[in-house]
Amino acid sequence: MDFASCAIDLVAVLLLALGLKGLAKVRTARSANGLAALAMGLAVAGLLLQLQPGPAAWLWIAIGSAAGGIAGLITAQRVPMTAMPETVALFNGCGGMASLLVALGVALFQHDQTDLVGRISIDISVFVGAITFSGSIVAMAKLQGWLDTPDWTQSAMRHGLNISLAIASLAAGLALPTDPAGWPLWGLLLASTLLGIGVTLPIGGADMPVVISLLNSYSGVAAAAAGFVVGSQLLIVAGAMVGAAGLILTQVMCTAMNRSLLNVLFGGALGAKAGGSVGGGGDEAGYTRIVSCSPEECAMALESAERVVFVPGYGLAVAQAQHALRELSKLLEANGAEVSYAIHPVAGRMPGHMNVLLAEADVPYEQLIEMDTINPEFPRTDVVIVLGANDVVNPDAKTDPTSPLYGMPVLEVDQARQVFVVKRSLGAGYAGIANALFELPQTAMVFGDAKAVLQQLCTELRSQGVGARARVAA
Amino acid sequence: MSTLSQALWVLLLGSLLGLELIGKVPPTLHTPLMSGANAISGITVLASLTLIAQADGNGALLLLGGLSLGFALFNVIGGFLVTDRMLAMFGGRKSGSGG
């Protein structure tokens, strides 16, 4: 490696590190993302200068770049903000697949050029790459609702199965260095792909963000292993950096949900343990003291409220009701009410997901209040409106040690004077657990689609002259 | 052997750097950060390019490399663009928030 390409690599690593660091701060995040992209471009350019590919190689580089680049461009522009967790999972799976294919290529056709270290690197690259790919695809399919949690995956049997697969992977991995292009390679590929599926499939949808974050960390490890395979230090650094950073992020997310990583990975789906039906909507059994009310009554309560807190959840995003919500809060502000939004760390389906969705609807950033800040404020709140959130407002998490949610930090909306829960039906939450909040005396259910209900509330408030009064005042 | 120990040092220091870079992250940024880190992990394009350039006219290797490059670039380009789309919504909103 000559001095010029070495210098390019060093600059690229520096920019990547600065980019990753900047991404963790609100003010610098966007430019940091650009910086990381620039670093990536620089690294690619530097490598091409150094490799001097021949014409046939250029042809394949062009084909691969065009196909992957255009597909990435289209996906990134088309995908709705609500589907962000699935999208990250899909991209991540493809990154794992790329590392896997490189290791496969070297193992099949260039194994005579590899030493023991190279072959162990092939092992790791195939193993981690395959798990990242199959795990990410399963995670995506579960979030999209294409895959359920099969019953057998909740039995203890799954541990036996996964352990057997892990042992099979290990055996194949040990055999691979002596026979790099033969059965151990295919055995390892098969066993680790199945292991990725077997580990991800039993995990409930509510925990999927943690899994995606962990798989993201794995794809960094896979990249670092591929770096060992092709002998690229830049790849090793960048892969290790992302792998370690992904691990930290996973840990941060687990802390936000008050669960340990081991529990998420091996504990199975929350709802299944509670005996509830996972993902089975319309399960109304168990509720006895439900009070429902019309949007008109809700509007009357809002009209006289001085302090209103919205608790948005994934249901809001599904109903595409962010803009209707913004409309309603503008009306309330015009009426002199103080409006804020309580954001649970895991609101939506991924930490920070809800902030993105509300930002899309032009909700001022200062009105999004995090859980620890807003919890002491609930006792002096007149009206709380829960929109498509469920488990994150369940008071059982604080009071009922038998609840599977027990110990998870929740928004203490039960402290507010009046709570309205806008919900389609009494179906269980994402984790499949009944919510004690619904039966409290100060709670009323407003049944309906979040967007439709919000629009009705706006209409009601306007008909009571709320908007008009503001115009006179202004 | 010296290349191996060098590579292991690089691995170690890279991991430590990654652990240090992200200490405190506001929950707002978890999703964009995950997405951005995911785009960076697409750095495996470098491995794909190396595989293609050193294929020596081996058709199967070129095909595998091309496929791998496609997957990796899908991750990189899609990842950076989608992260930018998310972060764009946080930017430029300091003004006009008076209500």
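Residues numbered from 1 in each chain as written. Chains lettered and ligands numbered in written order. Predicted model: local features only at pLDDT ≥ 70, side-chain atom pairs only at ≥ 80, totals over all residues.

Q: Is there a simple way to think about the pairing of strand β2 (residues 338-343) of chain A in this case?
A: In regular strands, side chains alternate between the two faces of the sheet. Residue and element names in this part refer to chain A. For β2, the tally of buried residues reaches five of six residues, placing the bulk of the element in the interior. Bridge count for strand β1 (residues 307-312) against β2 is four bridges, and the pairing is parallel. If you follow V308 over to β2, its bridge partner there is V339. Pairing of β2 with strand β3 (residues 368-370), which is carried by three bridges, proceeds in the parallel orientation. Within β3, the residue paired with I343 across the bridge is E370. (Buried ≥ 20, exposed ≤ 12 C-beta atoms within 10 Å, placed from the backbone. Helix = DSSP H or I, 4+ residues; strand = E, 2+ residues; numbered from the N terminus. Pairing = 2+ DSSP bridges.)

Q: Teacher, can you tell me more about the interface of chain A and chain B here?
A: How big an interface is tends to be stated in terms of accessible area lost as the parts join. On the side of chain B, 77 residues touch chain A, which itself brings 97 residues to the contact. Put simply, the parts of the chain that give the side of chain A that touches chain B at least two residues each are α1 (3-22), α2 (29-51), α3 (55-78), α4 (84-109), α8 (208-230), α9 (233-256) and α15 (353-360) of chain A. A total of 19 residues in the side of chain A that touches chain B trace back to one element, the largest contributor, which is α9 of chain A. Class assignment for the residues of the side of chain A that touches chain B results in 66 nonpolar, 25 polar and six charged. (Contact = placed C-beta atoms within 7 Å. Nonpolar A, V, L, I, M, F, W, Y, C, P; charged D, E, K, R; others polar.)

Q: What should I look at first to understand the packing of α8 of chain A against helix α3 (residues 45-53) of chain B in this one?
A: Each pair of packed helices can be described by the angle between their axes along with the distance between the axes. Close contact between α8 of chain A and α3 of chain B brings their axes to 9 Å; oriented N to C, the two are set at 25°. Classified by the angle their axes make, α8 of chain A and α3 of chain B are roughly parallel. Along this stretch, α8 of chain A crosses α3 of chain B, giving a crossing that reads as left-handed. Here A226, G227, V229 and V230 of chain A of α8 of chain A lie close against α3 of chain B, whose contacting residues are A47, T50 and L51 of chain B. (Axes fitted to C-alpha atoms, helices over the stretch in contact; angles between N-to-C directions. Parallel < 35°, antiparallel > 145°, perpendicular 65-115°, else oblique. Left-handed = near helix turned anticlockwise from the far one by under 90°.)

Q: Would you mind showing me how to read the domain arrangement of chain A here?
A: Domain parsing of chain A yields domain 1 (1-78), domain 2 (84-268) and domain 3 (295-473). Centre-to-centre, using C-alpha coordinates, domain 2 of chain A lies 38 Å away from domain 3 of chain A. (Domains from an automatic or database assignment.)

Q: How do you make sense of unusual backbone geometry when you look at a structure like this?
A: Residue and element names in this part refer to chain A. Although it is not a glycine, Q52 sits at a positive phi angle of roughly 50°. As for its position among the elements, Q52 is in the loop between α2 and α3. A residue is classified by how many C-beta atoms lie within 10 Å of it, and Q52, with 8 of them, is exposed. Unlike most non-glycine residues, D362 shows phi in positive territory, near 65°. With respect to the helices, strands and loops of the structure, D362 is situated in the loop between α15 and β3.

Q: How do you make sense of the nonpolar core when you look at a structure like this?
A: One recurring pattern in soluble globular proteins: nonpolar side chains tend to sit buried together. Formed by 194 residues in total, the largest nonpolar core has its most connected members in L16, A238, V311, V386 and L387 of chain A. Not counting the four nearest positions on each side in its chain, L16 of chain A is found in contact with A36, A39, A238 and M241 of chain A together with I40 of chain B. (Core = buried A, V, L, I, M, F, W, Y, C linked by C-beta atoms within 7 Å.)

Q: Explain helix α14 (residues 322-334) of chain A here, please?
A: For an α-helix, 3.6 residues make a turn, and residues three or four places apart therefore share a direction. Residue and element names in this part refer to chain A. Helix length check: α14 (13 residues) gives 19 Å between terminal C-alpha atoms against 18 Å at 1.5 Å per residue, within 8%. Within the span of α14, buried status applies to Q322, A324, L325, L328, S329, L331 and L332. Within two residues after α14, G336 carries a phi angle of roughly 95°, on the positive side. (Expected span 1.5 Å × (residues − 1).)

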